[in-house]
Amino acid sequence: MRFLGHIIVTSLALWVTALILPGMHLGDDSASILTQVLTIAAIALILAILNTIVKPILSLLALPITCLTLGLFQLVINTLILLLTSWVSGLFGLTLAFDTFWWALLAGVIIGILSAIVEAITGIGDREDA
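In this text, all values refer to a predicted model and were calculated from it rather than measured experimentally.

Enquirer: Lay out the side chain of S86 in plain terms, naming residues and giving numbers.
Expert: Within the secondary structure layout, S86 lies in helix α4 (residues 73–91). When near neighbours in sequence (up to four residues on either side) are disregarded, S86 contacts L96, A97 and F98.

The following block contains the structure:
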């Protein structure tokens, strides 16, 4: 259930970020509302899967440089995950594109902030220990 909550929060964060940033292109503007919602949800699912599988491996491999930069290299890792999500989404015919690396970096920062705010308000990220 928590995974579904994360997908919904990520979908909302992606959508809001695409509205804010002119260098981020998400979905087809001429498509119906249902198609746009399903596209955003599918891209959020791809992002969640890549965050679960690829990001820990990249973080472990980049641990020395992350320590050297006092954690700032995590922004680069988040950007690479977003760019990888864009590429994988394109393989499925879904539109997620960034004009430059810097737009993807800014998108990663905004998505992270929005997700953290929504999860803090809703309590989705809280662990329920038995």
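Enquirer: Account for α4, with residues named and values stated.
Expert: An ideal rise of 1.5 Å per residue puts 27 Å on 19 residues; α4 measures up with 27 Å between its terminal C-alpha atoms. Among the residues of α4, those classed as buried are I77, T79, I81, L82, T85, S86, V88 and S89. Buried-residue contacts for α4 involve α2 (33–61), α3 (63–68), β2 (96–98) and α5 (101–122). One or two residues past the end of α4 sits G93, with phi positive at roughly 80 degrees.

Enquirer: Outline the packing of aromatic side chains, supporting the account with residue identities and numerical values.
Expert: Evaluated as defined, the whole model comprises one aromatic pair. For the pair F101 and W102, a centre-to-centre distance of 5.3 Å together with 85 degrees between the ring planes defines the contact as edge-to-face. On the accessibility criterion, F101 (30% relative accessible area) is partly exposed.

Enquirer: With reference to specific residues and values, describe the packing of α2 against α4.
Expert: Close contact between α2 and α4 brings their axes to 9 Å; oriented N to C, the two are set at 135 degrees. Of the possible angle classes, the one that applies to α2 and α4 is oblique. Where α2 crosses over α4, the handedness of that crossing is right-handed. Facing α2, whose interface residues are I43, I46, L47, L50, N51, V54, K55, L58 and S59, α4 presents Q74, I77, N78, I81, L82, L84, T85, V88 and S89. Considered class by class, the residues forming the contact of α2 with α4 number eleven nonpolar, six polar and one charged.

Enquirer: Tell me about unusual backbone geometry, and please be specific about residues and values.
Expert: Trans is the common state for peptide bonds, and a negative phi is the common state for residues other than glycine. With phi around 60 degrees, L70 is a residue other than glycine that occupies positive phi space. Within the element layout of this structure, L70 appears in the loop between α3 and α4. By relative accessible area, L70 is classed as exposed at 78%.

Enquirer: Tell me about the packing of α4 against α5, and please be specific about residues and values.
Expert: In helix packing, the relevant descriptors are the interaxial angle and the interaxial distance, both defined with respect to the helix axes. Contact geometry of α4 with α5 gives a least axis separation of 8 Å together with a crossing angle of 105 degrees. Between α4 and α5, the interaxial angle falls into the category roughly perpendicular. The residues of α5 that touch α4, namely those facing L75, V76, T79, L82 and L83, are F101, A104, L105, A107, G108, V109 and I111. Classifying every residue of the contact of α4 with α5 gives ten nonpolar, two polar and no charged.

Reading guide: rules and limits
Note that residues are indexed from 1 along each chain, following the sequence as it is written. Predicted model: local features are reported for residues with pLDDT of at least 70 only, side-chain atom pairs are reported and counted for 80 or more only, and whole-chain, interface and lining totals are derived from all residues. Where side-chain values are given, they derive from all heavy atoms of the structure, hydrogens and water being excluded. Counting from the N terminus, the helices are DSSP H or I runs at least four residues long and the strands are E runs at least two residues long. Pairs of residues are marked as contacts when any of their non-hydrogen atoms sit within 4.5 Å. Helices are assigned an expected span. That span is 1.5 Å times one less than the residue count. Exposure classes here rest on a 1.4 Å probe applied to the protein chains alone. A residue is buried below 20% of its type maximum, exposed above 50%, and partly exposed in between. For this analysis, a ring pair means two rings from Phe, Tyr or Trp (six-membered ring only for Trp) whose centres lie within 6.5 Å, classed as stacked if their planes differ by under 30 degrees, edge-to-face if by over 60, and tilted for the remaining angles. Inter-axis angles, ranging from 0 to 180 degrees, are taken between N-to-C directions of lines fitted to C-alpha atoms, where helices are fitted over the stretch in contact. Here the angle decides the label: under 35 degrees means roughly parallel, over 145 means roughly antiparallel, 65 to 115 means roughly perpendicular, and every other value means oblique. Two helices cross in a left-handed way if the nearer one is turned anticlockwise from the farther one by less than a right angle. They cross in a right-handed way if the turn is clockwise. Nonpolar residues are Ala, Val, Leu, Ile, Met, Phe, Trp, Tyr, Cys and Pro. Charged residues are Asp, Glu, Lys and Arg, and all others, Gly as well, are polar.

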